[in-house]
Amino acid sequence: KNIVILISGGGSNMAAMVKTSERERWQSRFGARIAAVVSNKADAKGLVFAKERGIATHVLDHKAFPTREAFDDALAALIDPYNTPSHPVLVVLAGFMRILTPGFVERYAGRLTNIHPSLLPAFTGLHTHQRAIDAGCKYAGCTVHLVTGELDHGPILEQAVVPVLPNDTADTLAARVLTQEHVIYPRAIASLLSK
Ligand code: GRF
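Throughout, residues of each chain are indexed from 1 in the direction in which the sequence is written. Predicted model: local features are reported for residues with pLDDT of at least 70 only, side-chain atom pairs are reported and counted for 80 or more only, and whole-chain, interface and lining totals are derived from all residues.

Chemist: Explain the UniProt feature "binding site: (6R)-10-formyltetrahydrofolate" (unreviewed entry) in the chain to me, using residue names and the numbers behind them.
Modeler: UniProt positions are given in the numbering used here, feature names are shortened, and annotations may be inferred rather than shown by experiment. According to UniProt, the "binding site: (6R)-10-formyltetrahydrofolate" (unreviewed entry) feature falls on Arg68, Met97, Arg98, Ile99, Leu100 and Asn114. Mapped onto the secondary structure, Arg68 falls in helix 4 (residues 68-79). For the exposure call, what matters is how many other C-beta atoms sit within 10 Å of a residue's own: 20 or more marks it buried, 12 or fewer exposed, and in between partly exposed, using C-beta atoms placed from the backbone. For Arg68, a count of 15 C-beta atoms within 10 Å corresponds to the partly exposed category. Working definition: helices are DSSP H or I runs of at least four residues, strands are E runs of at least two. Numbering for both runs from the N terminus.

Okay, structure coming up:
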């Protein structure tokens, strides 16, 4: 498999995936490598880490495209060279802050994953941590799922739970959840690769 990771910012989930793939020797165990990192933002911090690791990086600025469809077509054109008969592509969304078109989702159906910082199906969309605090949740967490046409839906692959503590702010809760994202996303991908 060729893994292509899509990011928009910090890329800490991408970095965790790269580190785990090296530590767990995904190349020899699964014939899988992280082939490229794609960002829709040129200044995404994660690009620096990927370059340092010798991973191919691409920037595709969504603002340069007139429509969502045009951007997604260009994104698919960028990804498809990594999709070969011997190495089918696995597209991993990791903090990629763009909604993808049905056509794109369909093209990579079953091999397109996302991580979402809530215990789905609760709190789809944005501001998940503040919403969990406002709702009085005692527990929060994160979810890895296959991407389908409906935003933040699709079969759940992995979840992790963390407590919501009395003095939590959205930021402190987000940090606690993020440490678990870094555990479950690589685990979910390794499990997909092993099938
Ligand atoms: C993560 O919390 C992810 O779940 C959310 O955006 C954040 C991205 O963090 N969708 P990073 O770019 O992986 O550091």
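Next comes the rest of the write-up.
Chemist: Summarise the site of the ligand; cite the residues concerned and give the values.
Modeler: If you check the shell around the ligand, you find 13 residues, and the closest are Gly10, Ser12, Asn13, Gly95 and Pro117. Of all the secondary structure elements, the ones that give two or more residues to the shell around the ligand are helix 1 (12-23), strand 5 (112-116) and helix 7 (170-193). Among the residues forming the shell around the ligand, the class breakdown is 5 nonpolar, 7 polar and 1 charged. Nearness rests on one distance test: the residue's C-beta atom, set from the backbone, must lie within 6 Å of the molecule or strand. Classification used: nonpolar for Ala, Val, Leu, Ile, Met, Phe, Trp, Tyr, Cys and Pro, charged for Asp, Glu, Lys and Arg, polar for all others including Gly.

Chemist: Let's hear about the pairing of strand 4 (residues 89-93): which residues, and what values?
Modeler: Burial analysis of strand 4 places 5 of its 5 residues in the buried class, the great majority of the element. Going residue by residue along strand 4, you find Val89, Val91 and Leu93 tucked away on one face and Leu90 and Val92 tucked away on the opposite face as well. Only strands that DSSP links by at least two bridges are regarded as paired with each other. Summarising the sheet, strand 1 (residues 2-7) and strand 4 pair through 5 bridges and their orientation is parallel. Residue pairing for strand 4: Val4 is matched across the bridge by Val91.

Chemist: Now, about the sheet that holds strand 5: what can you tell me, with residues and values included?
Modeler: Taken in spatial order, the 7 strands of this open sheet run 3-2-1-4-5-6-7, and their pairing is mixed. In this open sheet, the two strands that pair with only one neighbour each are strand 3 (56-59) and strand 7 (156-163). Direction aside, the axes of adjacent strands within the sheet are offset by 20 degrees on average. Sheet topology note: the strand 5/strand 6 (residues 139-146) ladder contains 4 bridges and is antiparallel. Residue His116 lies in a different strand from strand 6, and its bridge partner there is Thr143. Helix 1 contacts strand 1, strand 2 (33-39), strand 4 and strand 5 of the sheet and is inclined by roughly 170 degrees relative to strand 2. Axes here refer to lines fitted to C-alpha atoms; in helices the fit is confined to the stretch in contact. Angles between the N-to-C directions go from 0 to 180 degrees. Contacts here follow a simple rule: the backbone-placed C-beta atoms of the two residues must lie within 7 Å.

Chemist: Would you mind going over the confidence of the model for the chain in detail, with residue names and values included?
Modeler: pLDDT is a residue-level measure of predictor confidence that goes from 0 to 100. Of the residues in the chain, 100% have a pLDDT of 70 or more, and the chain-wide mean is 97. Predicted as a complex, the structure gets a pTM of 0.97 and an ipTM equal to 0.96.

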